[in-house]
Amino acid sequence: MDTAEIIAMFDKYVIANYGRLPRVIVQGEGNYLYDAEGTKILDMFPGWAVSGIGHCHPKVVEAIRAQAGQLLHIDNTFYIPQQGQLAKMLSQRAFGGKCFFCNSGAEANEAALKLARKHTPREKYKFITAEGSFHGRTFATVTATAQPKYHDGFLPMLPGFEYVPFNDCEAMEAAFSDEVAGVMIEPIQGEGGINVATEEYMQTIRRLCDENGAVMMLDEVQTGMGRTGEWFGYKHYDVMPDIITMAKALGGGVAIGAMMATEHIAASLVPGTHASTFGGNPLACAAGIAVIEAIEEEYLLDNAIKMGQYAADKLQQLKEKHPVIDHVRGKGLMIGIKLTGPGAKIVDGCLEKGLRINCTQGDVLRFMPSMTVTSEQIDQAIEILDSVLAQES
Ligand SMILES: *Cc1c(COP(=O)(O)O)cnc(C)c1O
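Residues numbered from 1 in each chain as written. Predicted model: local features only at pLDDT ≥ 70, side-chain atom pairs only at ≥ 80, totals over all residues. Heavy atoms only, no water.

Within the protein chain, the secondary structure is distributed over 13 helices and 17 strands. Computed over C-alpha atoms, the radius of gyration of the protein chain comes to 21 Å, within 12% of the 21 Å expected from 2.2 N^0.38 for 393 residues, which places it in the range of a compact globule. With respect to the three principal axes, the spread of C-alpha positions in the protein chain is 60 × 55 × 45 Å. Put simply, the protein chain has 393 residues, and 55% of those count as buried. Here the contacts in the protein chain between residues at least 6 apart in sequence split such that 71% fall between residues at least 24 apart. Entry remark: accessible area of the protein chain is about 17,400 Å², with carbon and sulfur atoms responsible for 54%. (Helix = DSSP H or I, 4+ residues; strand = E, 2+ residues; numbered from the N terminus. Rg over C-alpha atoms; globule rule 2.2 N^0.38 Å. Buried < 20%, exposed > 50% of the residue type's maximum accessible area, 1.4 Å probe, protein only. Contact = heavy atoms within 4.5 Å. Areas by Shrake-Rupley, 256 points an atom, 1.4 Å probe, with all protein chains shown as cover.)

A grouping of Met 1, Met 9, Tyr 13 and Val 14 is seen on the molecular surface, where their side chains present a nonpolar patch of about 450 Å² in accessible area. On the secondary structure map, Val 14 appears in the loop between helix 1 (3-13) and strand 1 (25-29). (Patch = residues over 30% accessible without salt bridge, like charges linked within 9 Å, V, L, I, M, F, W, Y side chains within 5 Å. Salt bridge = Lys/Arg side-chain N within 4 Å of Asp/Glu carboxyl O.)

This part covers helix 3 (residues 81-93). Between its terminal C-alpha atoms helix 3 stretches 19 Å, which fits the 18 Å expected from 13 residues at 1.5 Å a residue. The set of residues buried in helix 3 consists of Gln 82, Gln 83, Leu 86, Ala 87, Met 89, Leu 90, Ser 91 and Arg 93. Looking at the buried side of helix 3, the elements it contacts are helix 2 (58-68), strand 4 (98-102), strand 11 (243-246), strand 12 (257-261) and helix 10 (282-297). (Expected span 1.5 Å × (residues − 1).)

Its place among the elements puts Asn 303 in helix 11 (residues 300-321). For Asn 303, a relative accessible area of 17% gives the class buried. In contact with Asn 303, other than residues within four places in its own chain, are Gly 308, Met 371, Thr 372 and Val 373.

This part is about the domain arrangement of the protein chain. Its domain assignment divides the protein chain into domain 1 (3-53 + 299-392) and domain 2 (59-297). Computed over C-alpha atoms, the centres of domain 1 and domain 2 are 26 Å apart. On the side of domain 2, 32 residues touch domain 1, which itself brings 26 residues to the contact. Both sides together, the interface formed by domain 1 and domain 2 hides about 2,300 Å², and carbon and sulfur atoms give 63% of it. Broken down residue by residue, the surface that domain 1 buries against domain 2 is led by Leu 301, Lys 331 and Met 334, which jointly contribute 29%. Along the contact surface separating domain 1 from domain 2 lie 0 salt bridges. For the pair domain 1 and domain 2, the number of links is 13 residue pairs in polar contact (both at pLDDT 80 or more). Looking at the side of domain 1 that touches domain 2, the elements with two or more residues in it are helix 11, strand 13 (325-331), strand 14 (334-339) and strand 17 (364-367). No other element matches the 4 residues that helix 11 contributes to the side of domain 1 that touches domain 2. Here the side of domain 1 that touches domain 2 is composed, by residue class, of 16 nonpolar, 7 polar and 3 charged. (Domains from an automatic or database assignment. Buried area = accessible area lost by both parts, 1.4 Å probe. Polar contact = N/O pair within 3.5 Å; in protein donor to acceptor, adjacent residues only side chain to side chain. Nonpolar A, V, L, I, M, F, W, Y, C, P; charged D, E, K, R; others polar.)

Right, let's talk about the packing of helix 2 against helix 10 for a bit. Helix 10 packs onto helix 2 with a crossing angle of 150 degrees between their chain directions and a minimal axis gap of 8 Å. If you check the angle between helix 2 and helix 10, you find them roughly antiparallel. Classified by chirality, the crossing of helix 10 by helix 2 is right-handed. Judged by residue contacts, Lys 59, Val 60, Ala 63, Ile 64, Gln 67 and Ala 68 of helix 2 engage Pro 282, Leu 283, Ala 286, Ala 287, Ala 290, Val 291, Glu 293, Ala 294 and Glu 297 from helix 10. (Axes fitted to C-alpha atoms, helices over the stretch in contact; angles between N-to-C directions. Parallel < 35°, antiparallel > 145°, perpendicular 65-115°, else oblique. Left-handed = near helix turned anticlockwise from the far one by under 90°.)

Attention now goes to the site of the ligand. Close to the ligand lie Ser 104, Gly 105, Ala 106, Asn 109, Phe 134, His 135, Gly 136, Glu 186, Asp 219, Val 221, Gln 222 and Lys 248, which account for all nearby residues. In the model, an oxygen atom of the ligand is placed 2.7 Å from a nitrogen or oxygen of the Ala 106 main chain. A distance of 2.7 Å separates an oxygen atom of the ligand from a polar side-chain atom of Gln 222. Taken by itself the ligand offers 380 Å² of open surface, and the protein chains cover 80% of this. Counting residues per element, the shell around the ligand draws most heavily on helix 4 (residues 105-119), which supplies 3 residues. Here the residues of the shell around the ligand sort into 3 nonpolar, 6 polar and 3 charged. (Near = heavy atom within 4 Å.)

A word on the pattern of salt bridges. All chains considered together, the criterion is met by 15 salt bridges. Note that Arg 356 and Asp 43 form a salt bridge whose closest N and O atoms lie 4.0 Å from each other. In this pair, Arg 356 is assigned in strand 15 (residues 355-356) and Asp 43 in strand 3 (residues 40-43), connecting sequence segments 313 residues apart. Accessibility expressed as a relative area gives 0% for Asp 43, which makes it buried. Linking Lys 59 and Glu 293 is a salt bridge whose minimum nitrogen-to-oxygen distance equals 3.5 Å. With a gap of 234 residues between them, Lys 59 in helix 2 and Glu 293 in helix 10 connect regions that are remote in the sequence.

Shown next as structure tokens:
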């Protein structure tokens, strides 16, 4: 089937809930994609941050192959060695908490919200989240997502949620009461446009949660697994969260989500309170273990810092050349390029020239390559972006 036939098949049989680019992707290798026409594309936004160590990392592929021949799925009625191993590895790289596994970011956040309500007294039911946040598309997580465009047509949302402007300590303090069960926040808002939380903001949330007996939940679905140069985004701050959630890059391309809670809070999730049929299956966990091993064996945290700085410097130089770039922000390989106008045409222009990036919030380009990215690949990306910016403005 050629590209046109595949698109026609989608038009007939697949619900059109995504705005898709007119490309059919058939292969991925490291930081490159190949479409059905054989075009090679440099991928600087691999799988919406899922392919955090590149497409089809050999170590992940090998782990999946081996696990597939041994045991694909077994239900959580039994103990699953890979699940325990992955939980241990995550715990040791975060704050020593305990893990619950699921299959996506939204599910990880659902689990966190449910746990916060379960753990706190009945009169505590409120959640505070930040404007511009993105926490998922299930009813609770889309309610937590404080962006009206995601609520449109689905009202009423779940009761109990309050929204405050991001990075506004006074608003957070004002929204607090002893009815608050928890706060959910991204250390760096991803879909919201690469907005980095300030140290003061994190400290304020920690203090308010402590004073009011509320749970501090950090959504690390996009910031987690090393992208910012630390295992988790919160490590850039002098705070300890109560719960973190992760997904996206955790499985190196395999669907997996996880919620980690402190041992004390985790104890509230007793048998019967929450579950996921596929959560923590051997295949997904084997992939997760391979991702962590690859990051350490290949020093990819260091590379994320180094290449993040390299890319930020190059983009800063582009800004001097192209006034359409307002500023560059982010941490490590989570980089946003704030434009003075819309970015969709720039994304399209880049794809035409073999570069994949993303635009969010209309005017923020997301430059989020995998942690295996090289300076040559960044140079190549910058060159293409440079030529497209010259054309478009
Ligand atoms: C992508 C994302 C989610 C939702 O993850 P899904 O796997 O699509 O459910 C939640 N939070 C953040 C910060 C995300 O980037």
